[in-house]
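Summary of structural features
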Amino acid sequence: MRVNSETDYNKYCMKFTEFIFYMFLAAVFIMAVSYLFFRSLAFSIILVPLALFYPKIKKRSLVQKRKKELNLQFRDMLYALASNLSAGKSLEMSFADLPGDLKVIYPDSRADIIREAEIITGKIHMNIPVEIAFSDFAERSHLDNIKNFADVLRISKRMGGDMVEVIVNASNLINDKIETEQEIEMILARKKFEQKVLNIIPIVLIFLLSYSAPDYMEPVFTTMAGRVVMIIAVFLLAIAYFISGKIMNIKV
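Below is a summary of the structure that appears in this document. (Residues numbered from 1 in each chain as written. Predicted model: local features only at pLDDT ≥ 70, side-chain atom pairs only at ≥ 80, totals over all residues. Heavy atoms only, no water.)

1. Thoughts on the overall build of the chain
The cut-off we apply is this: Runs of H or I in DSSP of at least four residues are treated as helices and runs of E of at least two as strands, each being numbered from the N terminus. We call a residue buried when its accessible area falls under 20% of the maximum for its residue type, exposed when it is over 50%, and partly exposed in between, using a 1.4 Å probe and counting protein chains only. By definition in these notes, contact holds between two residues if any of their heavy atoms fall within 4.5 Å. Each accessible area is a Shrake-Rupley estimate made with a 1.4 Å probe; only the visible protein chains count as cover when residues are assessed. Only four residue types enter the tally: Lys and Arg on the positive side, Asp and Glu on the negative side; His and the chain ends are excluded. To locate a charge, the coordinates of NZ of Lys, CZ of Arg, CG of Asp or CD of Glu are taken.
Each helix and strand in the chain was counted, giving 11 helices and zero strands. Going residue by residue from the N terminus, the α and β elements of the chain occur as α-α-α-α-α-α-α-α-α-α-α. Principal axes of the C-alpha set define a box for the chain whose edges measure 80 × 35 × 30 Å. Expressed as a percentage of the 252 residues in the chain, the buried residues total 34%. Long-range contacts, defined as pairs at least 24 residues apart, comprise 68% of the intrachain contacts of the chain with a sequence gap of at least 6. By element, 67% of the accessible surface of the chain is carried by carbon and sulfur atoms, the whole surface being about 15,700 Å². The averaged location of the 27 negative side-chain charges in the chain is 8 Å from the averaged location of its 31 positive side-chain charges.

Following this line, the structure appears as structure tokens:
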């Protein structure tokens, strides 16, 4: 059984205040957009319970954000580990020095990678093999880069040979992969911003037309055909939002 400090990075424990905050934001957004499109306060109120689903969606977003940060922090761990090994330290000693090395990079001791380095070091002090201690971290991280390095550690310990050279080379390869992922994220950042703008533009246009040309928009809000058109428009906007999000979700 894991101790409380060992985190499963595929899970996020949302506080009650966070849950209420995100639900409130979603409720306000749903009320505003539904009233803008349908001009019916009663219909807007009926749709408000949909806000209950947003905290769950936000939770997935927060999990992904935390895992991305952990992935970048892991790169710094690999740099520090490779440096210690190249200096002639043993694998166990190199891991034992990691918390101190990482605190120089991350002054905040609450950083996930520092806590994980301390957990691994604590297990090594309890005579748990370093590859088993690290494999537990890899399992909880649910990140391919960390799992791949855990496999390298396990195979290196089992096969013997020049373990230091193998681990340093593996660290360099994984570092290169993480840097490539970062470069792709930077390239996609502009496209993601454009995606968000394109998703918002229809709402802005409806708002501007509603208040600059109310007579022109009145049939859309008062006739059955107009309401049907609005329902179809909202449905298509939702589909466009989810499809564009899938397109931008590129994995290396």
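2. Topic: a nonpolar patch on the surface
Applicable threshold: Patches draw on residues past 30% relative accessible area with no salt bridge. Two like charges within 9 Å are joined, as are two nonpolar side chains (Val, Leu, Ile, Met, Phe, Trp, Tyr) within 5 Å. The salt bridge definition used is simple: a Lys or Arg side-chain nitrogen within 4 Å of an Asp or Glu carboxyl oxygen.
Together, Phe-193, Val-197, Leu-198, Ile-200, Ile-201, Val-204, Leu-205, Phe-207, Leu-208 and Tyr-211 make up a nonpolar patch on the protein surface, roughly 980 Å² of accessible area in all. Tracing the chain through its elements places Val-204 in helix 9 (residues 163-212). For Val-204, a relative accessible area of 38% puts it in the partly exposed group.

3. Observations regarding unusual backbone geometry
Across residues other than glycine, the phi torsion is negative in most instances, and most of the peptide bonds are trans. Phi at Arg-39 is positive, roughly 50°, even though this residue is not glycine. Here Arg-39 is to be found in the loop between helix 1 (16-38) and helix 2 (41-47). With relative accessibility at 24%, the residue Arg-39 sits in the partly exposed group. We note that His-142 has phi near 60°; this positive angle belongs to a residue other than glycine. Mapped onto the fold, His-142 is located in the loop between helix 7 (130-141) and helix 8 (144-159). According to the relative accessible area criterion, His-142 is partly exposed, its value standing at 28%.

4. As for helix 8
Definition in use: Multiplying one less than the number of residues by 1.5 Å gives the expected span of a helix. Arc definition: it is the arc formed by the directions from the helix axis to the C-beta atoms.
Relative to the 22 Å expected for 16 residues at 1.5 Å per residue, helix 8 spans 22 Å between its end C-alpha atoms, a close match to the ideal helical length. Listed as buried for helix 8 are Asn-145, Ile-146, Phe-149, Ala-150, Leu-153 and Ser-156. Down the axis, helix 8 shows its buried residues gathered within 140° of arc, on one side only. Facing away from the buried surface of helix 8 by more than 90 degrees, the exposed residues are Asp-144, Arg-158 and Met-159.

5. Re helix 6 (residues 112-125)
The end-to-end C-alpha distance of helix 6, which contains 14 residues, comes to 20 Å, matching closely the 20 Å that a straight helix rising 1.5 Å per residue would cover. Across the 14 residues that make up helix 6, a large majority, 11, are buried. Along helix 6, the residues that are buried comprise Asp-112, Ile-113, Ile-114, Arg-115, Glu-116, Ala-117, Ile-119, Ile-120, Thr-121, Lys-123 and Ile-124. Summarising the contacts, the buried residues of helix 6 are in contact with helix 3 (54-86), helix 4 (91-96), helix 5 (98-105) and helix 7. Downstream of helix 6 by one or two residues, Asn-127 has phi in the positive range, about 65°.

6. Quick look at the packing of aromatic side chains
Worth spelling out the cut-off: Any two rings among Phe, Tyr and Trp, with Trp reduced to its six-membered ring, count as a pair given centres within 6.5 Å; such a pair is stacked if its planes are under 30 degrees apart, edge-to-face if over 60, and tilted if neither. Whether a charge lies above a ring is judged from NZ of Lys or CZ of Arg, which has to be within 6 Å of the ring centre and within 35 degrees of the ring normal.
Counting across every chain of the model gives 10 aromatic pairs. Taking 5.4 Å as the distance between ring centres and 80° as the angle between the ring planes, the aromatic pair formed by Tyr-241 and Phe-242 counts as edge-to-face. By the ring-pair criterion, three or more aromatic residues cluster together here, those being Phe-74, Phe-95, Phe-134, Phe-137 and Phe-149. Positioned above the aromatic ring of Phe-221, the side-chain terminus of Arg-39 is 4.5 Å from the ring centre.

7. Things to note about the nonpolar core
Inclusion rule: Here, the term nonpolar core denotes a set of buried Ala, Val, Leu, Ile, Met, Phe, Trp, Tyr and Cys residues that are joined through side-chain atoms within 4.5 Å.
With 34 residues, the main nonpolar core has Phe-74, Phe-95, Ile-113, Phe-134 and Phe-149 as its most contacted residues. When contributions to this core are tallied by element, the ones reaching two or more residues are helix 3, helix 4, helix 5, helix 6, helix 7, helix 8 and helix 9. What Phe-95 contacts, discounting residues up to four positions off in sequence, is Leu-81, Ile-120, Thr-121, Ile-124, Val-130, Phe-134, Phe-149 and Leu-153.

8. Looking at the pattern of salt bridges
Going through the model one piece at a time under the given rule, you end up with 16 salt bridges. Put simply, Lys-123 and Asp-136 hold a salt bridge, and the shortest N to O gap is 3.0 Å. With Lys-123 in helix 6 and Asp-136 in helix 7, this pair connects stretches of sequence that are 13 residues apart. Residue class for Lys-123 comes out buried when judged on its relative accessible area of 12%. On the basis of relative accessibility, which here comes to 13%, the residue Asp-136 falls in the buried class. Its salt-bridge partner being Asp-151, residue Arg-154 comes within 2.7 Å of it at the nearest N-O pair. Placement of the pair is Arg-154 and Asp-151 together in helix 8, with a separation of three residues, close to one helical turn. By relative accessible area, Arg-154 is classed as partly exposed at 33%.

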